[in-house]
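# Chains, contacts and geometry: an overview
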2 protein chains.
Amino acid sequence: MSDGTTPDAPHPKSRGAARRAMRRGPTIDDVAELAGVSRGTVSRVLNGARYVSPAALKAVERAMRQTGYTVNQSARSLVTKRSDAVAFVLSEPQERLFEDPNFSVLLRACTQALAAHDISLILMLESDEDERDRVLRYVRGGHVDGVLLISAHSGDSLIASLARGDVPTVACGKPAGDIGIPYVAAEDREGARQMTRHLVEQGRKRIGMIGCPQIAGGAERLEGYRDVLGRRALRRLVVDAPSYSHSAGAEAMRRLLATSPDIDAVFAASDSLAAGALTELRRAGRGVPDDVAVGGFDDSRIARETDPALTTIRQPLELVSRNMVDVLLRLIRREPAASRLLPTELVVRESA
Amino acid sequence: MSDGTTPDAPHPKSRGAARRAMRRGPTIDDVAELAGVSRGTVSRVLNGARYVSPAALKAVERAMRQTGYTVNQSARSLVTKRSDAVAFVLSEPQERLFEDPNFSVLLRACTQALAAHDISLILMLESDEDERDRVLRYVRGGHVDGVLLISAHSGDSLIASLARGDVPTVACGKPAGDIGIPYVAAEDREGARQMTRHLVEQGRKRIGMIGCPQIAGGAERLEGYRDVLGRRALRRLVVDAPSYSHSAGAEAMRRLLATSPDIDAVFAASDSLAAGALTELRRAGRGVPDDVAVGGFDDSRIARETDPALTTIRQPLELVSRNMVDVLLRLIRREPAASRLLPTELVVRESA
DNA sequence: CTGAAAGCGCTAACAT
DNA sequence: ATGTTAGCGCTTTCAG
């Protein structure tokens, strides 16, 4: 084989004056010429087609098809100052968030919702200082029209401080510190109430909770649990997990069993935590749900894959995503847009 | 409040001639003026700083800092014809791929590897016809410099037909049909051999396989299994799963137990499949690994979270990602770049 | 080594 | 309704 990289250029004689032979698609002028109209008219067709005669419109459309024209986004952005792209910024202080099954759902749904508006999604990670700076520079450099901010932990947010500036931003989940940026979230507190009520209705008496207050929404879930239980939410029944992970769930369950061996139900603040709890309960020889009922939160994929399958609270993440995009687009258009809270739903399976 | 959108322009008298007051960062000219050099020199500093006197360099750098200058990527792209962005195209015919824990790893690692080169990652989905067209138009519209193609199923690939064109593309996993595009993959076949050998060494006699030949790498894993077992790879010991999912694994295991109740080991072509098999084995009252040993493939997160934890084959996905990016960058620079195969590793845990 | 000048392809006034 | 024109901010010859 000759080389394996690129087929040789198809221009046998291209020598000295080898201009940029690269991607050299048809321009708006080519279309205009072919359609027998001016460049301005073509531009009008491209942008809404108002004030264009049907005849011209048809001619232009045909010419575009014939030439296989595509707008040059750079040229357009240069003048409009819009990029038609938004950043999906993921701050994952502990590398965890990325493994969260919920994250995939958000990412997919946001991508789709944006695609419907012909806006592209640029994924950016912000796990350390350097990356944070990179993101900041990038965002305020005008490379994107707005940002979808996904952060597990609510603290950090140097990003948010930027976001508070002039770049339209919407967060997933209520950011801590009550920064002024709009957010979209599930009704964590009410969701937690639903689960706790369910456990009570099942006749459970000593209901423990594995929480994770430092994660967005975590504090609310804890509050919901307390709302329902009141003083029955004994201090020893509540343990904190450092993150929404399987191992953290197992570890928390171990502590719970140690301090409260008489426990007959556990509400974990996420499905991953619940799955970890399940593993630990089995190890400890407790039957689920007979000895101990287990409730999760999220209704992520893993809720269906544990054994027994998890009873959990469904977060409408597709809806959250669509709302985030909707709010962001309004913000970009300088329209007013408030935060939104979306309802949750109890999903009963085998574990409780 | 006055408006809530944009703080009023700081020009008390700007009236009729209210220019676009939007994002109006410092330009290369502002920097040039402040540094007392020409616009050309600033540009040179921006691009490699060759042929620039130390004095000029310093002045420019100071001016850039003072003004908080950031290049306008659109303006740059307009002339260079590069976008400094690549598309991460995900074809997920069955919505599954996105839930694959491996995918997250790839996405994260690719994003990071690209960020190191100041290239941004644009995520695109290609699950149906419309989206495929969208991706095609987008990619060949010159919006990206190249594409990272992640597809579970190997067939479709109208995308690939584009990729074969002039847009630099690298696939994850060997694409079917032997299209000419370079790819990066793990040594699936050898990995499968490693696992099968391990099971044999454990004294297992009737080793079944849950395969998924239509998924990239799936056929190779099946071959590896057969390489080791030879005629002991009875037909009835091999079942096909429709996808790499938990439920497919459970279902396949059920069939396997039905046709070959005497089975004493199973090698599943992915961890998800193995996890499903585990669930089914427990349901059937078979102990793992005592009655039946179970081997997975991927060493994804779930391998650590099943009970018992999975013995599996580690795919070096971070390495795969970095190599994909490396190959793609070479391709973009029109340098030669061949496909690459990366070694796998046996990870022994509890299930086998 | 550096400045000047010519566009890149497009949109948005501004005239018709 | 349509053509004309002036840039958007940058890189890249081309002269010095």
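Quick caveat, the model's predicted, so the values are computed rather than measured. (Residues numbered from 1 in each chain as written. Chains lettered and ligands numbered in written order. Predicted model: local features only at pLDDT ≥ 70, side-chain atom pairs only at ≥ 80, totals over all residues. Heavy atoms only, no water.)

Broken down by element type, chain A carries 13 helices and twelve strands. Among the 352 residues that make up chain A, the fraction classed as buried is 53%. A separation of at least 24 residues holds for 69% of the contacts in chain A among residues at least 6 apart in sequence. Carbon together with sulfur atoms contributes 49% to the accessible area of chain A, which is approximately 16000 Å² in total. (Helix = DSSP H or I, 4+ residues; strand = E, 2+ residues; numbered from the N terminus. Buried < 20%, exposed > 50% of the residue type's maximum accessible area, 1.4 Å probe, protein only. Contact = heavy atoms within 4.5 Å. Areas by Shrake-Rupley, 256 points an atom, 1.4 Å probe, with all protein chains shown as cover.)

This brings us to the pairing of strand β2 (residues 120–125) of chain B. Two faces, one strand: in a regular strand the side chains alternate between the faces of the sheet. The element β2(B) is largely enclosed, with a buried count of six among its six residues. Every second residue of β2(B) is oriented toward a common face, with Ser120(B), Ile122(B) and Met124(B) on one face and Leu121(B), Leu123(B) and Leu125(B) on the other, all of them buried. In this structure, strand β2 (residues 120–125) of chain A lies alongside β2(B), joined through three bridges in antiparallel fashion. Bridge assignment links Leu123(A) to a residue of β2(B), and that residue is Leu121(B). One ladder, built from six bridges, connects strand β1 (residues 85–91) of chain B with β2(B); its direction is parallel. If you follow Val89(B) over to β2(B), its bridge partner there is Met124(B). (Pairing = 2+ DSSP bridges.)

A few words now on the interface of chain B and chain A. Counting residues at the interface gives 53 residues for chain B and 52 residues for chain A. For the chain B and chain A pair, buried surface summed over both sides reaches about 5000 Å², with 52% attributable to carbon and sulfur atoms. Along the contact surface separating chain B from chain A lie four salt bridges. The closest approach of N and O atoms between Asp307(B) and Arg282(A), which form a salt bridge, is 3.5 Å. The interface formed by chain B and chain A holds ten residue pairs in polar contact (both at pLDDT 80 or more) in total. (Buried area = accessible area lost by both parts, 1.4 Å probe. Salt bridge = Lys/Arg side-chain N within 4 Å of Asp/Glu carboxyl O. Polar contact = N/O pair within 3.5 Å; in protein donor to acceptor, adjacent residues only side chain to side chain.)

Attention shifts here to the packing of helix α10 (residues 246–259) of chain B against helix α11 (residues 271–283) of chain B. To describe two helices that pack against each other, one gives the angle between their axes and the distance between the axes. Residue and element names in this part refer to chain B. For the pair α10 and α11, the least separation of the axes is 6 Å and the interaxial angle reads 50 degrees. Taken together, the axes of α10 and α11 are oblique relative to one another. For the pair α10 and α11, the sense of crossing is right-handed. The residues of α11 that touch α10, namely those facing His246, Ala248, Gly249, Ala250, Met253, Arg254 and Leu257, are Ser272, Leu273, Ala275, Gly276, Ala277, Thr279, Glu280 and Leu281. Of the residues belonging to the contact of α10 with α11, the class tally is eight nonpolar, five polar and two charged. (Axes fitted to C-alpha atoms, helices over the stretch in contact; angles between N-to-C directions. Parallel < 35°, antiparallel > 145°, perpendicular 65-115°, else oblique. Left-handed = near helix turned anticlockwise from the far one by under 90°. Nonpolar A, V, L, I, M, F, W, Y, C, P; charged D, E, K, R; others polar.)

Turning next to the protein's contact with DNA strand C. In the neighbourhood of DNA strand C, 28 residues make up the surrounding shell, with Ile28(A), Tyr69(A), Arg76(A), Arg44(B) and Ser53(B) lying closest. A breakdown of the atoms of DNA strand C within 4 Å of the protein gives sugar and phosphate a share of 62%. Between Tyr69(A) and DNA strand C, the recorded distance is 2.3 Å, taken from a side-chain N or O atom to a phosphate oxygen. Between DNA strand C and Ser38(B), the relevant distance is 2.9 Å, taken from a phosphate oxygen to a main-chain nitrogen or oxygen of the residue. Elements that contribute at least two residues to the surface near DNA strand C include exactly α2 (39–46) and α4 (73–80) of chain A together with α2 (39–46) and α4 (73–80) of chain B. The element best represented in the surface near DNA strand C is α4(A), accounting for five residues. Residues of the surface near DNA strand C, tallied by class, amount to 13 nonpolar, eight polar and seven charged. (Near = heavy atom within 4 Å.)

Moving on, we come to the relation of the copies chain B and chain A. Relating one copy of the chain to the other requires a rotation about an axis plus a shift along that axis. Expressed as a screw transformation, the operator carrying chain B onto chain A has a rotation angle of 180 degrees and an axial translation of 0.0 Å, and the superposed copies differ by an RMSD of 0.1 Å. Each copy turns onto its partner about a two-fold axis. (Least-squares fit on C-alpha atoms with pLDDT ≥ 70 in both.)

Around DNA strand D, the surrounding shell holds 30 residues, and the nearest of these are Ser38(A), Arg44(A), Ser53(A), Ile28(B) and Tyr69(B). Ser53(A) is positioned such that a nitrogen or oxygen atom in its side chain is 2.4 Å from a phosphate oxygen of DNA strand D. In this structure, a phosphate oxygen belonging to DNA strand D sits 3.5 Å away from a side-chain N or O atom of Asn47(B). Sorting the residues of the surface near DNA strand D by element identifies α2 and α4 of chain A together with α2 and α4 of chain B as the ones contributing at least two each. Considering every element that reaches the surface near DNA strand D, the biggest residue donor is α4(B), with five residues. Residues belonging to the surface near DNA strand D are distributed by class as follows: 13 nonpolar, eleven polar and six charged.

The next subject is the sheet that holds strand β9 (residues 293–295) of chain B. Residue and element names in this part refer to chain B. In space, the four strands of this open sheet follow the order β7-β6-β8-β9, with parallel pairing throughout. The sheet is open, and its two edges are formed by β7 (238–240) and β9, each paired on a single side. Mean inter-strand twist for the sheet, computed between neighbouring axes without regard to direction, equals 15 degrees. Two strands pair when backbone bridges link them, and strand β6 (residues 207–211) and β7 are joined in this way by three bridges, in the parallel orientation. Within β7, the position partnered with Ile210 by the bridge is Val239. Packing of helix α8 (residues 188–201) onto the sheet brings it into contact with β6, β8 (265–268) and β9, and relative to β8 it is tilted by some 170 degrees. Across the sheet, helix α9 (residues 218–229) is in contact with β6, β7 and β8; its angle to β6 comes to roughly 165 degrees.

Paired through backbone hydrogen bonds, the strands of a sheet run either parallel or antiparallel to each other. Read from one edge to the other, the open sheet built from twelve strands follows the order β11(A)-β5(A)-β4(A)-β3(A)-β1(A)-β2(A)-β2(B)-β1(B)-β3(B)-β4(B)-β5(B)-β11(B), with strand pairing classed as mixed. Looking at strand neighbours, the two that pair on one side only are β11 (340–342) of chain A together with β11 (340–342) of chain B, the edges of this open sheet. Ignoring strand direction, the axes of neighbouring strands in this sheet form an average angle of 25 degrees. Here six bridges tie β1(B) to strand β3 (residues 146–151) of chain B, and the two strands are oriented parallel to one another. Its bridge partner being in β3(B), Ala87(B) is matched across the sheet by Val147(B). Its contacts with the sheet put helix α6 (residues 129–140) of chain A on β1 (85–91), β2 and β3 (146–151) of chain A together with β2 of chain B, and the angle it makes with β2(A) is roughly 150 degrees. In this fold helix α13 (residues 317–332) of chain A packs onto β1, β3, β4 (169–172), β5 (183–186) and β11 of chain A, with an angle of close to 165 degrees to the strand it touches most, β4(A).

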